[in-house]
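In case you want the letters, here they are:
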Amino acid sequence: MPKENCKYWDKCYQRNEAHLEKYNHPPKQTESEKLAPKRRATTEEDDKSSPNTSSKMETSDVEKNVGKYESETAELHKEAMNNIAGKNYMETLEKRIRLSVQHEYDNLCESNEFIRHKFLVEMPEDFYEFWKFINTLKKNTTKDAALQHIETVFHLQLVGPFEFLAGKFHNAKMGEPGDYLRHWRFYYDPPEFQTVFVRQGTGIHYGYWRDIPQDKERLMLARNDATRSCEFEFVAGNIFDAFLHYLQHDYVATPFTTGQVAATKKAVKQYISDNSLELSQLESLKTERDKHVVTKTLHRAGIVVPYERKTQQGYRPLLVSDADLKKIFALLEPNDLNDRDNAKQEVLEKLQPLANAANIAMDECDFGTALELGLDLFCSGHKELHMLASSLLMPAYSLLSRPQFIAISKAHMERRSKDLNLSMFEVLK
């Protein structure tokens, strides 16, 4: 009995013997093959009269195909050239991308989401209340004019997120992500600190302190003078008190401005009373935070990390004291270039065992140790130690789930500057 043809023809995937015995698998005929007329048998005479006929036909077909391909290619090339005639294609493409990015930037400027997107943090309620207060200090003086008024009268620059609320970013030239993170970030500012006040022309600046990037409630404000040291001091539990602290301790009044300072202090208290603002106080915030501080570090503000007191997991002390660490950093002071290179090698040799111990501590879930040493290296102020500091800070912040601080510290150490005018608007001019 003849075998049936398999319905899948020669495309059948089955290879078992029973199937192969039952079905044939011939090549499937195409429609053209089915309809093609039968060729007549050639005679010996035909062969003699038309030698190489088949080869000539094959050559002719190839020439036709080549000609057709070249023709299509030429047409496509002509069309492409017509579409970009007289234009630089890459330049046009880059312009379209820039317009798209600019459109996205303009939309971002329409809401306070800009602050979180560009500075990687969110501002607390007292910040926005203080902004409202600033706009009431002088009649018909709001936004950028209000900032200019405070700067003129009190020599105090309100920077960073205040400049956004004043509209200074809206029509400004766009920068790279790192430009926004470095905006008014002074030489010794750790990632946990965000500048909001700057005494004009000096290194004295005030800012919010966050132990966790997402913190936006009950934040303390700290003060530092970048021209003197890396040490920070907590001065207020809210931005109104920070402003009063500035007027009391950092603003140098003259006989002509004493009355205005007194009137402004009174206006602050009146605004708080009229709006029934419940503002956090420094002492209560500091007492609560001190319970969670595991070590002071060289910047003296201390660090907060998860710490289990029963098992003592989360932090272990460094192998050396702060005093010994400062002595090691002091070896990097020589002015002679050759001596400095030798000193760098000596310092790194002394620091490497400390870094190794911190990495071992990090492997054993004592993340605070690596964070402390990384910040101490940063606070030394020596750029030669940036690489070692990064090797500790990046994994520590990562394991503590603080990725925003990774981005901030990387951007800062890439272009760390001792200048006093650290506005990104100056950089992008």
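The structure we're discussing is the one just above.
For clarity, every value in this text was computed on a predicted model and none was experimentally measured.

(A) Local environment of the pattern of salt bridges. Counted by the stated rule, this structure contains 15 salt bridges. A salt bridge links Arg 116 to Glu 113, with the shortest nitrogen-to-oxygen separation between them at 2.1 Å. Taken together, the positions of Arg 116 and Glu 113, both in helix H6 (residues 113–119) and three residues apart, correspond to about one turn of that helix. Arg 116 sits in the partly exposed class, given a relative accessible area of 39%. Its relative accessible area of 33% is what places Glu 113 among the partly exposed residues. Measuring nitrogen to oxygen at the nearest pair gives 3.9 Å for the salt bridge that ties Asp 290 to Lys 286. Of this pair, Asp 290 and Lys 286 both sit in helix H13 (residues 282–290), four residues apart, roughly one helical turn. Judged by its relative accessible area of 35%, Asp 290 falls in the partly exposed class.

(B) Highlighting the nonpolar core. Counting 54 residues, the largest nonpolar core has Phe 130, Phe 154, Phe 162, Phe 197, Ile 239 and Phe 240 as its most contacted members. The biggest single contributor to this core is helix H11 (residues 239–249), with seven residues. Those residues in contact with Phe 240 that sit more than four places away from it in its chain are Asp 126, Glu 129, Phe 130, Phe 133, Val 268, Tyr 271, Ile 272, Leu 277 and Leu 279. Residues Leu 181, Ala 355, Ala 411 and Met 413 belong to the second largest nonpolar core, which totals 40 residues.

(C) Quick peek at unusual backbone geometry. The phi dihedral of Arg 218 is positive, around 55 degrees, even though this residue is not glycine. Locating Arg 218 in the fold gives a position in the loop between strand E5 (204–209) and strand E6 (220–225). If you check the backbone angles, Cys 365 has positive phi at about 70 degrees while not being a glycine. Here Cys 365 shows up in the loop between helix H15 (337–363) and helix H16 (367–379).

(D) Summary view of the sheet that holds strand E3 (residues 156–158). Overall, antiparallel pairing links the five strands, which are arranged E3-E4-E5-E6-E7 in an open sheet. For this open sheet the edge positions go to E3 and strand E7 (233–236), each flanked by a neighbour on one side alone. Each strand of the sheet is rotated relative to its neighbour by a mean of 35 degrees, with strand direction disregarded. Pairing of E3 with strand E4 (residues 193–199) involves three bridges; the strand directions are antiparallel.

(E) Spotlight on the packing of H16 against helix H17 (residues 386–399). Packing of H16 against H17 leaves a shortest axis separation of 8 Å and a crossing angle of 140 degrees. Judged by the angle between their axes, H16 and H17 are oblique. Between H16 and H17 the crossing geometry is left-handed. Each of Phe 367, Ala 370, Leu 371, Leu 373, Gly 374, Leu 375, Leu 377 and Phe 378 in H16 lies in contact with H17, whose residues at this interface are Leu 388, Ala 389, Leu 392, Leu 393, Ala 396, Tyr 397 and Leu 399. A per-class count over the contact of H16 with H17 returns 14 nonpolar, one polar and no charged.

(F) Summary view of the packing of aromatic side chains. All told, the structure shown has 33 aromatic pairs when counted by the stated rule. For the pair Phe 133 and Phe 240, a centre-to-centre distance of 6.0 Å together with 55 degrees between the ring planes defines the contact as tilted. Here the residue Phe 133 occupies a position in helix H7 (residues 125–134), and Phe 240 occupies one in helix H11, the gap between them amounting to 107 residues. On the accessibility criterion, Phe 240 (0% relative accessible area) is buried. When the ring of Phe 197 is compared with that of Tyr 206, the centres are 6.2 Å apart and the planes differ by 55 degrees; the resulting orientation is tilted. Since its relative accessible area comes to 1%, Tyr 206 is described here as buried. The aromatic ring of Tyr 180 is capped on one face by Lys 118, whose charged end is 4.7 Å from the ring centroid. Between Arg 416 and the ring centre of Phe 378, over which it is positioned, the NZ or CZ distance is 3.8 Å.

(G) Representation of the environment of Cys 230 within the structure. Here Cys 230 is to be found in the loop between E6 and E7. The class for Cys 230 is buried, based on a relative accessible area of 11%. C-alpha separation for the pair Cys 230 and Leu 298, spaced 68 residues apart in sequence, amounts to 7.3 Å.

Parameters and conventions
- Residues numbered from 1 in each chain as written.
- Predicted model: local features only at pLDDT ≥ 70, side-chain atom pairs only at ≥ 80, totals over all residues.
- Heavy atoms only, no water.
- Salt bridge = Lys/Arg side-chain N within 4 Å of Asp/Glu carboxyl O.
- Helix = DSSP H or I, 4+ residues; strand = E, 2+ residues; numbered from the N terminus.
- Buried < 20%, exposed > 50% of the residue type's maximum accessible area, 1.4 Å probe, protein only.
- Core = buried A, V, L, I, M, F, W, Y, C linked by side-chain atoms within 4.5 Å.
- Contact = heavy atoms within 4.5 Å.
- Pairing = 2+ DSSP bridges.
- Axes fitted to C-alpha atoms, helices over the stretch in contact; angles between N-to-C directions.
- Parallel < 35°, antiparallel > 145°, perpendicular 65-115°, else oblique.
- Left-handed = near helix turned anticlockwise from the far one by under 90°.
- Nonpolar A, V, L, I, M, F, W, Y, C, P; charged D, E, K, R; others polar.
- Phe/Tyr/Trp six-rings, centres within 6.5 Å; stacked < 30°, edge-to-face > 60°.
- Lys NZ or Arg CZ within 6 Å of the ring centre and 35° of its normal.

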